[in-house]
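# Residue-level structure breakdown
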Amino acid sequence: NALYNAAQNGKKIFVSIELQARFDEENNIHIAEKLAEVGAEVVYGVPPLKVHSKLLLIERRNSIFVGLSTGNFNEATGRLYVDSILLTNDKRLTSEVAEIFNYLDRANRLRTVSEPSFKHLLVSPFNSRNKFMELLDREQQKGSDGYVLIKVNHLTDQGIINKLYELADAGVPMDFIVRTTYAMKPHDNIRAISILDQYLEHQRTYIFGRGKDVEVYLSSADLMERNLDWRVEVAFPILDERRRDYVIRMMEIQVADTSKARYL
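Each chain has its residues counted from 1, running along the sequence as written. Since the coordinates come from a predicted model, pLDDT governs what is reported: local features require at least 70, and pairs of side-chain atoms require 80 or more to be given and counted, while whole-chain, interface and lining totals use all residues. As a convention, hydrogens and water are excluded, and side-chain values are obtained from all of the structure's heavy atoms.

## Focus: a nonpolar patch on the surface
Note on patches: the residues involved have over 30% relative accessible area and no salt bridge, like charges join within 9 Å, and the nonpolar side chains Val, Leu, Ile, Met, Phe, Trp and Tyr join within 5 Å. Here the Shrake-Rupley method, with its probe set to 1.4 Å, supplies the accessible areas, and only the displayed protein chains count as covering residues. Counted as salt bridges are all cases of a side-chain nitrogen of Lys or Arg within 4 Å of a carboxyl oxygen of Asp or Glu. Taken together, the side chains of Leu-56, Ile-58, Phe-65, Phe-73, Ile-85 and Leu-87 present a nonpolar region at the surface, about 560 Å² in accessible area. Breaking the nonpolar patch down by element, the ones donating at least two residues are β4 (54-60) and β7 (85-88). Each helix is a run of DSSP H or I of at least 4 residues and each strand a run of E of at least 2, with the numbering of both proceeding from the N terminus. Checked against the element boundaries, Ile-85 lands in strand β7. Partly exposed residues are those whose accessible area sits between 20% and 50% of the maximum for their type, while under 20% is buried and over 50% is exposed, using a 1.4 Å probe and protein chains only. With relative accessibility at 49%, the residue Ile-85 sits in the partly exposed group.

## As for the packing of aromatic side chains
Centre distance within 6.5 Å is the pairing criterion for rings of Phe, Tyr and Trp, where only the six-membered ring of Trp is used; planes under 30 degrees apart are then read as stacked, over 60 as edge-to-face, and the remainder as tilted. For the coordinates displayed, the defined rule picks out seven aromatic pairs. Between the aromatic rings of Phe-14 and Phe-101, the centroid separation amounts to 6.3 Å while the plane-to-plane angle is 85°, which identifies the pairing as edge-to-face. Taken together, the residues span a long stretch of sequence, with Phe-14 in strand β1 (residues 14-16) and Phe-101 in helix α3 (residues 91-109) at a distance of 87 residues. Using a relative accessible area of 16% as the deciding quantity, one classes Phe-101 as buried. Centre to centre, the rings of Tyr-103 and Phe-126 are 5.2 Å apart; their planes meet at 85°, and the pair counts as edge-to-face. With a gap of 23 residues between them, Tyr-103 in helix α3 and Phe-126 in the loop between β8 (122-124) and α4 (128-142) connect regions that are remote in the sequence. When its relative accessible area of 9% is taken as the criterion, Tyr-103 is described as buried. Of the residues examined, Phe-126 reaches a relative accessible area of 16% and is grouped as buried. Chaining the aromatic ring pairs together yields one cluster made of Phe-132, Tyr-206, Phe-208 and Tyr-217. The ring centre of Tyr-4 lies 4.9 Å from the NZ or CZ of Lys-34, which sits over that ring. By the criterion adopted, a ring carries a charge over it if an Arg CZ or a Lys NZ lies within 6 Å of its centre and within 35 degrees of its normal.

## Observations regarding the pattern of salt bridges
Pairing between side chains of opposite charge can happen when their charged atoms approach one another. Inspection of every chain in the model, using the stated rule, returns 17 salt bridges. Put simply, Asp-90 and Arg-92 hold a salt bridge, and the shortest N to O gap is 2.8 Å. For Arg-92, a relative accessible area of 42% translates into the label partly exposed. The shortest N-O distance in the salt bridge between Arg-129 and Asp-157 comes to 2.8 Å. Residue Arg-129 is located in helix α4, and its partner Asp-157 is located in the loop between β9 (148-155) and α5 (158-169); the two are separated by 28 residues in the primary sequence. Asp-157 gets classed as buried once you look at its relative accessible area, which sits at 5%. What you see here is one network of salt bridges that share partners, running through Arg-138, Glu-139, Lys-142 and Glu-215.

## A look at the environment of Ala-221
Structurally, Ala-221 is set in the loop between β14 (215-219) and α6 (225-229). Along the chain, Ala-221 and Gln-140 lie 81 residues apart, while their C-alpha atoms are 22 Å from each other. We call two residues in contact when some of their heavy atoms are within 4.5 Å. With residues near it in sequence (within four places) discarded, Ala-221 still touches Val-152, Arg-204, Tyr-206, Asn-227 and Glu-233.

## Some details on the nonpolar core
Grouping buried Ala, Val, Leu, Ile, Met, Phe, Trp, Tyr and Cys residues that are joined through side-chain atoms within 4.5 Å yields what is termed a nonpolar core. With 34 residues, the main nonpolar core has Leu-68, Ile-100 and Leu-121 as its most contacted residues. Looking at this core, the elements that each hand over two or more residues are β5 (63-69), α3, β11 (190-195), β14, β15 (231-237) and α7 (241-255). Leaving out residues up to four positions away in the same chain, Ile-100 has contacts with Leu-55, Phe-118, Leu-121, Val-123 and Val-234. The next biggest cluster of nonpolar side chains, apart from the first, holds 27 residues, and it includes Leu-155, Ile-160, Val-172 and Tyr-217.

These figures come from the coordinates and say nothing about function on their own.
Below, the structure written as structure tokens:
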């Protein structure tokens, strides 16, 4: 409704809405048609890729704000799912979110589109797999001084799994919180749980390292082949130290759960 009203008030609106949305195809078509009627520019993903990232970009008085989310902008699931959104005007992130929207726009107008590049965001299918591997390599080299925490819906990508086994064999302690599909064998250096509570755990979180070297990402992407190679996904760094510590503390509470967690 806010986008609809903004378009009626003469604001420039660009919306990329994914029609391959499980259980929501009909609703998404209706929303897209409604927005197009009032002059919003509406595109439908980047076939054959599915656009699974959840992004907002708002330009106001020469300032740009972006919202990067782990979950959909959906009124129903917003009351039932645990998700996080980062709202920021940090130029390191706003410029790269703008590049993603430019890519979505160009991909719908042009036959061939040059591959975008990113320094801070991990964007599938362009750089996320390689960047995840680099971050895992870094922790593997630390051995028992390294650390990895992964919270996802699904962990099934074989390349990532093989790398995680290498880290475990190298002595790196790891915590996994996997809601649904978990395709790894037990290992002494891996603690893996799933949490079943009042709300559905939908947030994807990636933590690499501890202390001053820690890097924290929130994401729309699971560790599945489709998310890394066949979808437009975004993992975004938490660059502010105070908010980074907040995410780490939130994950520490979940890892320590002795009531709602079950071992995988």
